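# Residue-level structural notes
In case you want the letters, here they are:
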Amino acid sequence: MERTVTYENDLNLKATELRLGLPGTDDSDKQTPSGVRSNKRTLSETTEECRSKSNSGTSDARNDDTETAPAAKAQVVGWPPIRSYRKNSFQPKKTEAEAAGIYVKVSMDGAPYLRKIDLKSYKGYPELLKALENMFKFTIGQYSEREGYNGSDYAPTYEDKDGDWMLVGDVPWEMFISSCKRLRIMKGSEARGLGSYV
Amino acid sequence: MASKRQKDSPEEEKKQASSFPDEVLECVLGFVKSHRDRSSVSLVCKDWYNAERWSRTHVFIGNCYSVSPEILVRRFPNIRSVTLKGKPRFSDFNLVPLNWGADIHAWLVVFASAYSFLEELRLKRMTITDESLEFLAKSFPNFKALSLVSCDGFSTDGLKAIVAHCKNLTELDILENGIDDLGGSWLSCFPENFTSLEVLNFASLNSEVNFDALERLVARCKSLKVLKVNKNVTLEQLQRLLVHTSQLTELGTGSFSQELTLREYSELESAFSNCKNLYTLSGLSEATSLYLPALYPACVNLTFLNLSDAALQSAELAKLLPHCPHLRRLWVLDTVEDKGLEAVGSSCPLLEELRVFPAEPFEQDVVIGGVTESGFVAVSQGCRKLHYVLYFCRRMTNSAVAAVVKNCPDFTHFRLCIMNPWEPDYLTKEPMDEAFGVVVKTCTKLQRLAVSGLLTDLTFEYIGKYAKNLETLSVAFAGSSDRGMQCVLAGCPKLRKLEIRDCPFGNAALLSGLERYESMRSLWMSACHVTMNGCRLLAREMPRLNVEVIKEDGSDDTHAEKVYVYRSVAGPRRDAPPFVLTL
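So, how was this worked out
Residues numbered from 1 in each chain as written. Chains lettered and ligands numbered in written order. Predicted model: local features only at pLDDT ≥ 70, side-chain atom pairs only at ≥ 80, totals over all residues. Heavy atoms only, no water. Helix = DSSP H or I, 4+ residues; strand = E, 2+ residues; numbered from the N terminus. Buried < 20%, exposed > 50% of the residue type's maximum accessible area, 1.4 Å probe, protein only. Contact = heavy atoms within 4.5 Å. Domains from an automatic or database assignment. Polar contact = N/O pair within 3.5 Å; in protein donor to acceptor, adjacent residues only side chain to side chain. Pairing = 2+ DSSP bridges. Axes fitted to C-alpha atoms, helices over the stretch in contact; angles between N-to-C directions. UniProt positions renumbered as here; feature names shortened; annotations may be inferred. Core = buried A, V, L, I, M, F, W, Y, C linked by side-chain atoms within 4.5 Å. pLDDT = per-residue confidence, 0-100. Salt bridge = Lys/Arg side-chain N within 4 Å of Asp/Glu carboxyl O. Patch = residues over 30% accessible without salt bridge, like charges linked within 9 Å, V, L, I, M, F, W, Y side chains within 5 Å. Areas by Shrake-Rupley, 256 points an atom, 1.4 Å probe, with all protein chains shown as cover.

## Quick notes on the overall build of chain A
Check the secondary structure of chain A and you find five helices and seven strands. For chain A, the α and β elements follow one another from N to C terminus as α-α-β-β-α-β-β-β-β-α-β-α. Here chain A holds 198 residues, and the buried ones make up 44% of them. A separation of at least 24 residues holds for 48% of the contacts in chain A among residues at least 6 apart in sequence.

Now the structure itself:
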């Protein structure tokens, strides 16, 4: 039984392009390399890490689009297919040759999905907080040691190595990035009761 | 306690005078346990359908949205044990947004009135809140077993309610969940006179429990068979627990690394010597060669060794394995490398299942470490009974896979994950089509397949042509055109679950499966070429399917980024969040 189906304008390739970037990733400036193998997606639309050096058997046209240096590698969501409990629990014994980025999940109360950021790509708290504000479209108030984040609806918190939830900003930056396991942007009213959870 | 059937009408009675009395039939059917067999029984005739539904005590629901709790309780009045699975499997890898659904609460409310004698609840990938846990604890006085795998929505506070109120609890199994760990005080909520526990698994909870409470609990629960503690339990504490638990069949240790005195070490060793009944051993995080030998006496009857939390090196594994002569299932990290897998090949002739997990899955530029095609071949040479493999690697060759299935033609589950997308054959630089071709041609019993590496439509032509027993297929970054998916849908009659991500399959492929989806549990397609119009068409043509699209922030309106299609007798979801569109 034949069925002719018209798909109207949805052969618009851009709309159906295979994208590996996180939702909201901007791809307007990337080049399209020529001579890419037909069974691969146009790689400029993929995030940088798929152009890993180990894919040596593929078209060398890929080496052309190096305009973005892979300094802050974003990850393909959910790949390799390893469950999250495995990611966090294992500490490799071997020393890593180059320090990899410190990727932590960021959740925000009320948002439908999480984001991931590389703490190493920020030089300090001001940069981190600005990035969070941009990512989730909200404002963080002024931090003070005594009162935490005042004058805002949200407070950034993090889970440290001991499993405790702490307010971002209390400890020195280096100590923070080495002990932070994940971030959570808490609604202001909840965050004020932070100390009572331990 | 259980509901009884009404007396039949006179006509029915006359008819049945010459056939099997219902009670006998129900009694006989009570021995039929497998849910597939019960399904077959229910299709024989109306009498058998009725006898089956009255005698069924356990129900398995593979997709919680395929049926509603009301329909369930109407058909099966005497259920004591429920197993429910919720979210699509790719939610384990963060592909499904939070608050997608699969909330157990509506089910619990219905169960509270229809199944007040409920004893067991096993959930996988469902959302369960602390309120629901409390409701569960208080609504079912006979409740015995709770198993939560890969669930979310609750915190350790919810566990307190279960522990404090379920007087007859025999099983508490909390595995790999995304929950709020608010501390270990839940364990202290077991009442002092509580002794019925048989299974306790809190290995994946992070915070420290009160050890004294744990020790007392373990000491007074004489029927305890399964104990899996978390990392905070030290070796010295473990030894104290083992003194009380020589009857354990499954043990999950805490952290296996501590400064022990000689006396403490020998106490540990003798504690393990008493664990002669162990079939399963896991945990062992941070295990080092220093203390592993203490374990050896406990390994004599092991059939399942789970080392996926222990970053062992090849030499350590090679020394440990000879002490496990009956090993059937082995899970390891790729820190053991090919050399470690050679040891597996030579020490484990009875091995049936091997899973190799990556220690550093997100490092793209790893050049040393990990396992390769030669480790895979080495295992297959020594372990001819291997039928289940899950293998994460960074390189593979077609010829290696061919060698593996030549040695082990009985694979039922073949899950190969070459971690870099589109990775070709390491030696020839060709696609990996031939590898999966030889798998499906040789392994006629293959039920589950996961493919990876550089793959063209040819792989899927092979699958469609040869994989006649295939039930589950996982595909990522593969294929060249719609034809690939079409071949699979046309050629695999037993296909039940198909999950696809990042492949060039579009509307033509999606719609080619129109006739198939009602005989499948579900289809997942994300980051493919399917559009909203294609999905709408599918929904229009197949009204008994739920065709759902998960909308991503910022994506345009014509592209269907994430599509989840499943059959259902319950109609469209009534609890869908705003980002899930039912077409």
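Alright, that's what it looks like, and here's the rest.
## Here we look at the domain arrangement of chain B
As far as domains go, chain B holds domain 1 (21-56) and domain 2 (506-582). Relative to domain 2 of chain B, the C-alpha centre of domain 1 of chain B lies at a distance of 35 Å.

## Concerning the environment of B:Ser155
Mapped onto the elements of the fold, B:Ser155 is located in strand β5 (residues 152-155). Polar contacts involving the side chain of B:Ser155 include one to the side chain of B:Asp130, which spans 2.6 Å.

## Observations concerning the sheet that holds strand β5 (residues 154-160) of chain A
All names here are of chain A. Strand order across the open sheet formed by five strands is β2-β1-β7-β5-β6, with mixed pairing between neighbours. Looking along the sheet, the strands with just one partner apiece sit at the ends: β2 (115-118) and β6 (165-167). Taking the axes of each pair of neighbouring strands and ignoring which way they run, one obtains an average angle of 30° across the sheet. Contacts from helix α3 (residues 125-136) reach β1 (103-108), β2, β5 and β7 (180-187), with the element oriented near 155° to β2.

## Let's talk about unusual backbone geometry
Residue A:Pro80 is reached from A:Trp79 by a cis peptide bond, and omega for that bond is -5°. In this fold, A:Pro80 is placed in the loop between α1 (13-16) and α2 (84-89). Although it is not a glycine, B:Glu337 adopts a positive phi angle of roughly 60°. Mapped onto the secondary structure, B:Glu337 falls in helix α13 (residues 337-347).

## Observations concerning the UniProt feature "domain: F-box" (unreviewed entry) in chain B
Per the UniProt record, "domain: F-box" (unreviewed entry) is annotated on residues 20-61 of chain B. Segment residues 20-61 of chain B splits into 62% helix and 10% strand. End C-alpha atoms: 30 Å apart.

## Quick look at the nonpolar core
If you look at the biggest cluster of nonpolar residues, it comprises 182 residues, and the most contacted ones within it are B:Leu214, B:Phe414, B:Leu449 and B:Ile463. In terms of nonpolar packing, the next biggest core, distinct from the first, is built from 27 residues, A:Met108, A:Leu119, A:Tyr122 and A:Leu132 among them.

## Topic: the confidence of the model for chain B
Taken as a whole, chain B shows an average pLDDT of 92; of its residues, 96% reach a score of 70 or greater. Across the predicted assembly, pTM comes out at 0.76 and ipTM at 0.84.

## With respect to the environment of B:Arg448
All names here are of chain B. With respect to the element layout, Arg448 can be found in strand β17 (residues 448-450). Sequence-wise, Arg448 and Ser474 are 26 residues apart; in three dimensions their C-alpha atoms are separated by 8.4 Å. Not counting residues within four places of it along the chain, the set of residues in contact with Arg448 comprises Arg89, Tyr388, Thr412, His413, Phe414, Arg415, Leu470 and Thr472.

## Considerations on the pattern of salt bridges
Scanning the model with the defined rule gives 33 salt bridges over all chains in all. A salt bridge links A:Lys130 to A:Glu133; the nearest nitrogen and oxygen atoms lie 3.8 Å apart. Of the two residues, A:Lys130 and A:Glu133 are both situated in helix α3; the distance of three residues between them amounts to about one turn of the helix. Here B:Glu548 makes a salt bridge to B:Arg573, at a shortest N to O gap of 3.8 Å. Of this pair, B:Glu548 sits in strand β21 (residues 545-550) while B:Arg573 sits in the loop between β22 (562-567) and β23 (580-582), and the two are 25 residues apart along the sequence. By relative accessible area, B:Arg573 is classed as buried at 9%.

## A look at a nonpolar patch on the surface
On the surface, a nonpolar cluster with roughly 260 Å² of combined accessible area is contributed by B:Phe20, B:Val24 and B:Val28. Mapped onto the elements of the fold, B:Phe20 is located in the loop between α1 (10-16) and α2 (22-29).

## Let's talk about helix α18 (residues 482-491) of chain B
An α-helix turns once per 3.6 residues; consequently, residues spaced three or four apart project the same way. By the burial criterion, the buried members of α18(B) are B:Gly484, B:Met485, B:Cys487, B:Val488, B:Leu489 and B:Gly491. If you follow the buried residues of α18(B), they end up packed against α17 (457-466), β18 (472-476), β19 (497-501), α19 (507-512) and β20 (522-526) of chain B.

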